[in-house]
Amino acid sequence: MTADIRNTVHAVEAAAVMGLLAGRPRLLALGEPTHGQDALLDLRNELFRQLVEQEGYRTIAIESDCVKGLAVDAYVTSDAGTLDEVMAHGFSHGWGAFAANRELVSWMRAHNEGRPASERLRFAGFDGPLEITGAESPRKALTALHDYLSAWVDADLLPCTGETLDRLLGADDRWTDPAAMTDPARSVGRSAEAARLRLLTDDLVALLDAWTPHLITAIPQEDRDRAHLYARTATGLLRYHHWMADTSPARMTRLVTVRDQMMAHNLLAVAARGPALVHAHNSHLQREKSTMRMGGVPLEWWGAGALVSARLGDDYAFVGIALGTIRHQGVDTPQPDTVEGHLYAIPEDRCLVDASRLAAVLGDTRLAHRVSPWYGYAPLDPAHLEDSDGLVFVKDVPRSRAGG
């Protein structure tokens, strides 16, 4: 069987990835089963460079705060700020500390030097301003949206003043209290002020849409895109805080669902701009339902990839990553009856696998679901093999240069 499996693999190259697809998707999603491993980030960087040089891709979108990511995009497209500043303030979830992300940003800036705007590479974060311990205040997104509309729309049409928003928002630490993630009673999300802010945000978003004919002729596309990003973010954050205050058994499912909906809306906006490589956890990008346990409670929801795939069809492609070992995290050689175990038996250190052909080769072979001793690594679900357009297998993941 090992020889047959070897016939399903290719080098991890952009041309080989495209060879598995019916055409060039607007969003090519590269998933990973764990975060913070530079070997996987290096692979992502290499693939992105090839997609840029060979396939005309111009954007990379990663699982990081969409609002903070605007600073990274400004740096790579117009040299705004410094590299140290954007690495410190342009990423969430600790991504700015990784050497591979710094190398990515530096390469994008160097590539853009001297090129016209239409040929410059773009950066996008597509996660909401959310952390595992809570969510940001909606202040930044909501006030930015209000300021934008104030500059271009008749003042009488605005549903409120900036001062009203400031009063309703109150102190930001009311929104960012980490205790609210485990204690709904600590959340401000269902206060009278939050309810009023949701209505006002709905009116601001409606006004933004209503004035589209004027805004198209009055201001650049980039400014309109940013206003819509603020609108999506303010709406999503207020919805997320609302469900943080929920006390029903569905609370956590609601929260992970809202997060992935925010991701999906941001990815659809990225897709409208042109072909992009998307990088995030497999659970966010796969087409099948996502599952996890949080606090001992099983959760099941449709992730961003499933939502975007339903909208884009063949313009969305998903290539997941599976791993052999992460020995520095206690993840040793996979069991031979798992998908990872079968792939570990071939000599390639890393390879691109034709997932549908591999599924056919394995056929009726009884496949076990790998169990990881480390909570930070999610093994491949063998039932999802055929749902991927391809699979990258990395045999051994060394310790990262930073983090990891």
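Up top is the structure these notes are about.
The model shown is predicted, which means the values in this text are computed figures rather than measured ones.

1. Topic: the overall build of the protein chain
Now for step 1: When you go through the protein chain residue by residue, the secondary structure sums to 17 helices and 12 strands.
Now for step 2: In summary, the protein chain has a C-alpha radius of gyration of 22 Å against a globular reference of 22 Å for 404 residues, a match within 12%.
Now for step 3: Among the 404 residues that make up the protein chain, the fraction classed as buried is 53%.
Now for step 4: Counting contacts in the protein chain only where the partners sit at least 6 residues apart, residues at least 24 apart contribute 78% of the total.
Now for step 5: Accessible area for the protein chain stands at about 17,400 Å²; split by element, carbon and sulfur atoms hold 50% of it.
Now for step 6: Averaging the coordinates of the 40 positive side-chain charges in the protein chain and doing the same for the 54 negative ones gives two points 1 Å apart.

2. Here we look at the nonpolar core
Now for step 1: Within the largest apolar cluster, 47 residues are counted, with the highest numbers of intra-cluster contacts made by Leu28, Phe48, Val105, Met108 and Val392.
Now for step 2: Per element, the largest residue contribution to this core is seven residues, and it comes from helix α3 (residues 38-55).
Now for step 3: Residues contacting Leu28, with those up to four places away along its chain left out, are Val17, Met18, Leu21, Leu51, Tyr57, Ala276, Leu277, Val278, Ala317 and Val319.
Now for step 4: Of all hydrophobic cores here, the second largest spans 32 residues; its members include Leu169, Val188, Ala231 and Leu238.

3. Digging into the side chain of Ser290
Now for step 1: For Ser290, the position within the fold is in strand β8 (residues 290-294).
Now for step 2: Only 2.4 Å separates the side chain of Ser290 from the backbone oxygen of Ser283, close enough to count as a polar contact.
Now for step 3: What Ser290 contacts, discounting residues up to four positions off in sequence, is Ser283, Leu299, Glu300, Trp301 and Gly303.

4. Topic: helix α7 (residues 139-152)
Now for step 1: Relative to the 20 Å expected for 14 residues at 1.5 Å per residue, α7 spans 20 Å between its end C-alpha atoms, a close match to the ideal helical length.
Now for step 2: For α7, the complete set of buried residues consists of Arg139, Ala141, Leu142, Ala144, Leu145, His146, Tyr148 and Leu149.
Now for step 3: Turning to α7, the residues buried within the fold contact α8 (162-169), α10 (192-210), α11 (212-218) and α12 (221-244).

5. Remarks on the packing of α7 against α8
Now for step 1: Two elements in contact, α7 and α8, have axes whose closest approach is 10 Å; the angle formed by their N-to-C orientations is 170°. By the angle between their axes, α7 is roughly antiparallel relative to α8. Along its contact with α7, which presents Arg139, Leu142, Thr143 and His146, the element α8 presents Gly162, Leu165, Asp166 and Leu169.
Now for step 2: When the residues that make up the contact of α7 with α8 are grouped by side-chain class, the tally is three nonpolar, three polar and two charged.

6. Some remarks on the pairing of strand β11 (residues 350-353)
Now for step 1: Note: strand β1 (residues 9-10) against β11, two bridges, orientation antiparallel. Within the sheet, the bridge partner assigned to His10 lies in β11 and is Leu352.

7. Focus: the pairing of strand β4 (residues 122-127)
Now for step 1: For β4, the tally of buried residues reaches six of six residues, placing the bulk of the element in the interior.
Now for step 2: Residues Arg122, Ala124 and Phe126 line one face of β4 and the alternating positions Phe123, Gly125 and Asp127 line the opposite face, and both faces are buried.
Now for step 3: By the bridge criterion, five bridges tie strand β3 (residues 59-65) to β4 in an arrangement that is parallel. In the strand pairing of β4, Asp65 is matched with Asp127.

8. Comments concerning the packing of α7 against α10
The description of two helices packed together rests on the angle between their axes and the distance between the axes.
Now for step 1: At a closest axis distance of 11 Å, the pairing of α7 and α10 adopts a crossing angle of 40°. By the angle between their axes, α7 is oblique relative to α10. Once α7 is placed against α10, the crossing between them reads as left-handed. From α7, Leu142, Leu145, His146, Tyr148 and Leu149 reach across to α10, where they touch Leu197, Thr201, Leu204, Val205, Leu207 and Leu208.
Now for step 2: A class-by-class count of the residues in the contact of α7 with α10 yields nine nonpolar, two polar and no charged.

9. Structural notes on the sheet that holds strand β2 (residues 27-32)
Now for step 1: Strands sit in the order β1-β11-β12-β10-β2-β7-β3-β4 across an open sheet of eight strands; the sheet is mixed. Where the open sheet ends on each side, the last strands, each with one partner, are β1 and β4.
Now for step 2: The sheet strands contacting helix α4 (residues 69-78) are β3 and β4, and the helix crosses β4 at an angle near 170°.
Now for step 3: Where helix α15 (residues 304-312) meets the sheet, it contacts β2 and β10 (316-325), and its direction lies at approximately 150° from that of β10.

10. Focus: α3
Now for step 1: For α3, spanning 18 residues, the distance from its first C-alpha to its last is 24 Å, which sits close to the expected 26 Å at 1.5 Å a residue.
Now for step 2: For α3, every residue scored as buried is listed here: Asp38, Leu40, Leu41, Leu43, Arg44, Asn45, Leu47, Phe48, Gln50, Leu51 and Val52.

11. Some words on the pattern of salt bridges
Now for step 1: Here the structure, examined in full by the defined rule, presents 17 salt bridges.
Now for step 2: The salt bridge involving Asp332 is made with Arg327; its shortest N-O contact spans 3.5 Å.
Now for step 3: The exposure class assigned to Asp332 is partly exposed, which follows from its relative accessible area of 43%.
Now for step 4: A cluster of three or more residues bridged by salt bridges with shared partners is formed by Glu63, Asp127 and Arg259.

12. With respect to unusual backbone geometry
Now for step 1: Positive phi, normally seen in glycine, also occurs at Asp79, with a value near 65°.
Now for step 2: Within the element layout of this structure, Asp79 appears in the loop between α4 and α5 (83-89).
Now for step 3: The phi angle at His93 is positive, at roughly 60°, despite the residue not being glycine.
Now for step 4: Position of His93 among the secondary structure elements: in the loop between α5 and α6 (99-112).
Now for step 5: Owing to a relative accessible area of 30%, His93 belongs among the partly exposed residues under this scheme.

Rules behind the numbers
Residues numbered from 1 in each chain as written. Predicted model: local features only at pLDDT ≥ 70, side-chain atom pairs only at ≥ 80, totals over all residues. Heavy atoms only, no water. Helix = DSSP H or I, 4+ residues; strand = E, 2+ residues; numbered from the N terminus. Rg over C-alpha atoms; globule rule 2.2 N^0.38 Å. Buried < 20%, exposed > 50% of the residue type's maximum accessible area, 1.4 Å probe, protein only. Contact = heavy atoms within 4.5 Å. Areas by Shrake-Rupley, 256 points an atom, 1.4 Å probe, with all protein chains shown as cover. Lys, Arg positive; Asp, Glu negative; His and termini not counted. Charge placed at Lys NZ, Arg CZ, Asp CG, Glu CD. Core = buried A, V, L, I, M, F, W, Y, C linked by side-chain atoms within 4.5 Å. Polar contact = N/O pair within 3.5 Å; in protein donor to acceptor, adjacent residues only side chain to side chain. Expected span 1.5 Å × (residues − 1). Axes fitted to C-alpha atoms, helices over the stretch in contact; angles between N-to-C directions. Parallel < 35°, antiparallel > 145°, perpendicular 65-115°, else oblique. Nonpolar A, V, L, I, M, F, W, Y, C, P; charged D, E, K, R; others polar. Pairing = 2+ DSSP bridges. Left-handed = near helix turned anticlockwise from the far one by under 90°. Salt bridge = Lys/Arg side-chain N within 4 Å of Asp/Glu carboxyl O.

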